[in-house]
Amino acid sequence: MKTKAFIFDLDGVIVDTAKYHYLAWKNLANNLNIDFTEDHNELLKGVSRVRSLEIILGLGSVQASDEQKNEWLIQKNEEYLGYINKMDDSEILPGVMKVLNFLKANHQPIILGSASKNARPILEKVNILNYFDDIVDGNDVTNAKPDPEVFIVGAKKANQPNENSIVFEDSVAGIQAANVAGMTSIGIGDSSVLNEANHNFNNFTEITEEFLMELINQ
């Protein structure tokens, strides 16, 4: 059997922590008397923390000093971490464990490739840190997706060339990053949004062992 690198994004792929970012941003916005909806939240997808705050302040035409902005960023992050601290394995998205168990049983390298700086604590909270052979997160890379840096570093850690690497992603930027790197991209989510992916599934429950075996043997 061949060996491939299987690289997983975290937020929206393994767990849904996006809802916690939303709650923390919403609370901050409400405290500033800014109306912040789920539609507005779409503007923050794949955007840095600093830029996210600027977008929210822009919605309410709020001016603030850099010092004040930093205070708000710390406040938002502490609230977000408070939500993460309450996470457990019930937060793992449907079908993920079946796929991880199959890859583990077939001795395939499993890598996390995420922009999140909280990736390790999240994986610890949901009790699956031991499934990952290596972790590349926001502490290890400087360029955000669609730059492929996070996935290229992940493939190297698995000792696999890019063309032997398979990426699971839920964002357009993530799919583009995988494609730029010459990897196999698998979109998890709405196929009309993730239409640049090589393969699409609504969620991991749709991924069969036969499909995984085909990816390994390609």
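Analysis parameters
Residues numbered from 1 in each chain as written. Predicted model: local features only at pLDDT ≥ 70, side-chain atom pairs only at ≥ 80, totals over all residues. Heavy atoms only, no water. Helix = DSSP H or I, 4+ residues; strand = E, 2+ residues; numbered from the N terminus. Buried < 20%, exposed > 50% of the residue type's maximum accessible area, 1.4 Å probe, protein only. Contact = heavy atoms within 4.5 Å. Pairing = 2+ DSSP bridges. Axes fitted to C-alpha atoms, helices over the stretch in contact; angles between N-to-C directions. Phe/Tyr/Trp six-rings, centres within 6.5 Å; stacked < 30°, edge-to-face > 60°. Lys NZ or Arg CZ within 6 Å of the ring centre and 35° of its normal.

Chemist: Looking at this structure, I do not really get the side chain of Asn77. What am I missing?
Modeler: Note on placement: Asn77 falls in helix H4 (residues 66–84). Judged by relative accessible area, which is 14%, Asn77 ranks as buried. With sequence-adjacent residues up to four places away left out, Asn77 is seen in contact with Arg49 and Asn118.

Chemist: What is the right way to read the sheet that holds strand S3 (residues 134–136) from this model?
Modeler: The strands that make up a sheet pair up through hydrogen bonds in the backbone, lying either parallel or antiparallel. The strand order across the open sheet formed by six strands is S3-S2-S1-S4-S5-S6, and the pairing between neighbours is parallel. At either margin of the open sheet sits one strand with a lone partner, and together these are S3 and strand S6 (199–201). Each strand of the sheet is rotated relative to its neighbour by a mean of 20°, with strand direction disregarded. Across three bridges, strand S5 (residues 184–188) lies against S6 in parallel orientation. By the bridge assignment for S6, Gly187 is matched with Asn200. Against the sheet, helix H5 (residues 96–105) engages strand S1 (5–8) and strand S2 (110–113), with an angle of about 155° to S1.

Chemist: Explain the packing of aromatic side chains to me, please; I cannot follow it from the model alone.
Modeler: The description of an aromatic ring pair rests on the distance of the ring centres and on the angle between the ring planes. Summed over all chains, the structure comprises eight aromatic pairs. With a centroid separation of 4.5 Å and 15° between ring planes, the pair formed by Phe8 and Phe168 is classed as stacked. You can see Phe8 sitting in strand S1 and its partner Phe168 sitting in strand S4 (residues 165–169), a full 160 residues away along the chain. A relative accessible area of 0% places Phe8 in the buried class. Among the aromatic residues, those joined into a cluster by ring pairs are Phe6, Phe8, Phe132, Phe168 and Phe204. Directly above the ring of Tyr80 sits Lys76, whose terminal nitrogen or CZ lies 5.0 Å from the centroid.

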